[in-house]
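# Observations on chain architecture
Here is what each chain is made of, one letter per residue.
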Amino acid sequence: MVENERLRQEMRRCEAELQDLRATPAAPCPGCEHSQESAQLRDKLSQLQLEVAENKGMLSELNLEVQQKTDRLAEVELRLKDCLAEKAQEEERLSRRLRDSHETIASLRAQSPPVKYVIKTIEVESPKTKQALSESQARNQHLQEQVAMQRQVLKEMEQQLQSSHQLTMQLRAQIAMYESELERAHGQMLEEMQSLEEDKNRAIEEAFARAQVEMKAVHENLAGVRTNLLTLQPALRTLTNDYNGLKRQVRSFPLLLQEALRGVKAEIGQAIEEVNSNNQELLRKYRRELQLRKKCHNELVRLKGNIRVIARVRPVTKEDGEGPEAANAVTFDPDDDSIVHLLHKGKPVSFELDKVFSPRASQQDVFQEVQALITSCIDGFNVCIFAYGQTGAGKTYTMEGTHENPGINQRALQLLFSEVQEKASDWEYTITVSAAEIYNEVLRDLLGKEPQEKLEIRLCPDGSGQLYVPGLTEFQVQSVDDINKTCPLPRVTFLLFTVTVHFQGACLCPR
Ligand code: ADP
Ligand code: MG
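The protein goes by Kinesin family member C3 in an unreviewed UniProt entry, where it is assigned to Microcebus murinus. The record in UniProt for the protein states the following under Sequence similarities (unreviewed entry): "Belongs to the TRAFAC class myosin-kinesin ATPase superfamily. Kinesin family." Regarding the protein, the relevant UniProt record gives this comment under Subcellular location (unreviewed entry): "Cytoplasm, Cytoskeleton".

## Examining the overall build of the protein
On a plain count of helices and strands, the protein comes out with 8 helices and 13 strands. Pairs at least 24 apart in sequence give 63% of the contacts found in the protein among residues at least 6 apart. For the protein, the exposed surface amounts to about 37800 Å²; the carbon and sulfur share of it is 54%.

## Some remarks on the site of ligand 1
Lining the immediate surroundings of ligand 1 are R312, R314, P315, Q390, T391, G392, A393, G394, K395, T396 and Y397. Within the contact set of ligand 1, an oxygen atom lies 3.4 Å away from a backbone nitrogen or oxygen of A393. Note that an oxygen atom of ligand 1 is positioned 3.0 Å from one of the backbone N or O atoms of G394. When ligand 1 sits alone it has 560 Å² of accessible area, and the protein chains cover 65% of it. In terms of residue count, helix α6 (residues 395-399) provides more of the shell around ligand 1 than any other element does, 3 residues in total.

## Brief notes about the sheet that holds strand β4 (residues 347-352)
Reading across from one edge, β2-β3-β4 is the order of the 3 strands in this open sheet, with antiparallel pairing throughout. Single-partner strands in this sheet number two, and they are β2 (330-332) and β4. With strand direction ignored, the average angle separating the axes of adjacent strands in the sheet is 25 degrees. Across 6 bridges, strand β3 (residues 339-344) lies against β4 in antiparallel orientation. Bridge pairing in β4 places L343 opposite P348.

## Concerning the UniProt feature "coiled-coil region" (unreviewed entry) in the protein
Listed under "coiled-coil region" (unreviewed entry) in the UniProt record, and renumbered for this structure, are residues 4-93, 140-206 and 265-292. For the annotated span residues 265-292, helix accounts for 100% and strand for 0% of the residues, and the straight-line distance between the end C-alpha atoms is 40 Å.

## Regarding the pairing of strand β7 (residues 442-445)
Bridge count for strand β6 (residues 427-439) against β7 is 4 bridges, and the pairing is antiparallel. If you follow E437 over to β7, its bridge partner there is R444. Two successive antiparallel strands, β6 and β7, enclose a turn made up of 2 residues, where N440 displays a positive phi of approximately 55 degrees. For β7 and strand β8 (residues 454-455), the ladder comprises 2 bridges, and the chain directions are antiparallel. Residue pairing in the sheet places R444 in a bridge with K454 of β8.

## Details of the pattern of salt bridges
Across all of its chains, the model carries 16 salt bridges by this definition. Close ionic contact of E90 with R139 constitutes a salt bridge, the shortest N to O distance being 3.6 Å. In this pair, E90 is assigned in helix α2 (residues 35-110) and R139 in helix α3 (residues 115-304), connecting sequence segments 49 residues apart. On the basis of relative accessibility, which here comes to 15%, the residue E90 falls in the buried class. A salt bridge links D320 to R314; the nearest nitrogen and oxygen atoms lie 2.8 Å apart. Looking at D320, the relative accessible area reads 36%, which means it is partly exposed. Looking at R314, the relative accessible area reads 28%, which means it is partly exposed. Beyond isolated ion pairs, a larger network of salt bridges with shared partners links E3, R6 and E10.

## Describing the nonpolar core
Most often, soluble globular proteins keep nonpolar side chains buried together rather than apart. F417, Y429, I431, V477 and I483 are the most contacted members of the largest nonpolar core, which totals 13 residues. Listing elements by their share of this core, those giving two or more residues are α7 (408-422), β6 and α8 (480-486). Ranked by size, the runner-up nonpolar core spans 10 residues in total, among them V366, F367, I408 and L415.

Scoring rules and cut-offs
Residues numbered from 1 in each chain as written. Chains lettered and ligands numbered in written order. Predicted model: local features only at pLDDT ≥ 70, side-chain atom pairs only at ≥ 80, totals over all residues. Heavy atoms only, no water. UniProt positions renumbered as here; feature names shortened; annotations may be inferred. Helix = DSSP H or I, 4+ residues; strand = E, 2+ residues; numbered from the N terminus. Contact = heavy atoms within 4.5 Å. Areas by Shrake-Rupley, 256 points an atom, 1.4 Å probe, with all protein chains shown as cover. Near = heavy atom within 4 Å. Polar contact = N/O pair within 3.5 Å; in protein donor to acceptor, adjacent residues only side chain to side chain. Pairing = 2+ DSSP bridges. Axes fitted to C-alpha atoms, helices over the stretch in contact; angles between N-to-C directions. Salt bridge = Lys/Arg side-chain N within 4 Å of Asp/Glu carboxyl O. Buried < 20%, exposed > 50% of the residue type's maximum accessible area, 1.4 Å probe, protein only. Core = buried A, V, L, I, M, F, W, Y, C linked by side-chain atoms within 4.5 Å.

Next comes the structure, spelled out in structure tokens:
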């Protein structure tokens, strides 16, 4: 149904589009590639028309000016003619008077007696005539100048007229050019409009054809959808039935879920109880195991001796002297590693100890002998290892050793931390370190702020028989480096380690 509705809407839209296309015959087709060009051409055309109008106005102004100048020229020509006529008359008059004067002079010359008188008269009259003549000549000159000036003016005006004519011709040529351009643009525009019209018609035809094809397809689709609809109806009915069934199931789902949850909760509770009891069982077993280990340790201590004395003989040094006497001061039994022979004041003396290490024994060999005691310390037993001997006997070498070849102290610490690290996933250890010194029967705290303060050794009040030093400074440490930074061991006389062990939050054996 949705598909059907969509197709119907599409059909309606196509029809509306078709009608729109039919209803707009000459309107510029939107989005057409020529519309912009056509608008540009129209703008250009209107611009050119404006220019033509402007030029026409200019032309009429120039025509008016030419007319005015022609009128003035005619006036000037008229005045020139008058002047020329006047000049001709004046010339005529003056030449006539000159002629008269010449005739008078000639007649007077011809009459001899009154010559003197006549001559006098002439003499009197002649300057007058001469003055008149010169005046006339000056006027003539003036008039000629005027004429020349007028001619000059005329010439200028003619030139102006000519330039105006030229300008007019130019403007006319320009107007003609503009008009031809206008005509060309108009023609071009008409052509483009024609082609646009053709394009539009073609587009309309194509759109019409396309719309018809689409409509046909839509009709076919519609028919298909109708048939589909008819076939889908029974399926829809079965789906509705299924849906109703599911709805009923969903309604009853919370009840089922609650029931299932109750069951699961009960199971989980039971499992937790089981785990708890298992845990308890394990703890019980662990404690039993611990007791067993303690028993074994005690047994070991009993068998090996609670207090064990081990001798280590260092190599002979220069201070010991040279020669066979020094070399044979201490000798060993090749079959028994617990016997040592000494030469005391020339007499051989033998001692039997728990173990004797020859000068060939390495630091590792010595450590291996006491290693088990270090691990017992982690299991919660009190262990004490101390070195005794005269100065230079090798106590410091055995206990502390060198950086390249560490002794018991450093090796014990390494072992302690590596064991703790190994058990870190199941156990929680806290290792604290204290350093005390007994010197001349006085106990001093080597890590305390006041090393001069005297401390006391007391018996634990809990009746365990343990000893403790109240107020002894303790530092918690995480690694061997921490210890070496806290207290430089070569100075230390007694080093106390307190190891507290936790198993799953319960403190089992604090020591
Ligand atoms: P102590 O601390 O007892 O006074 P030291 O440990 O300082 O004596 O030893 C004195 C010297 O003998 C040191 O130079 C030390 O390196 C050397 N020495 C001691 N024991 C050994 C040994 N087992 N192997 C090599 N050298 C040793
Ligand atoms: Mg020493």
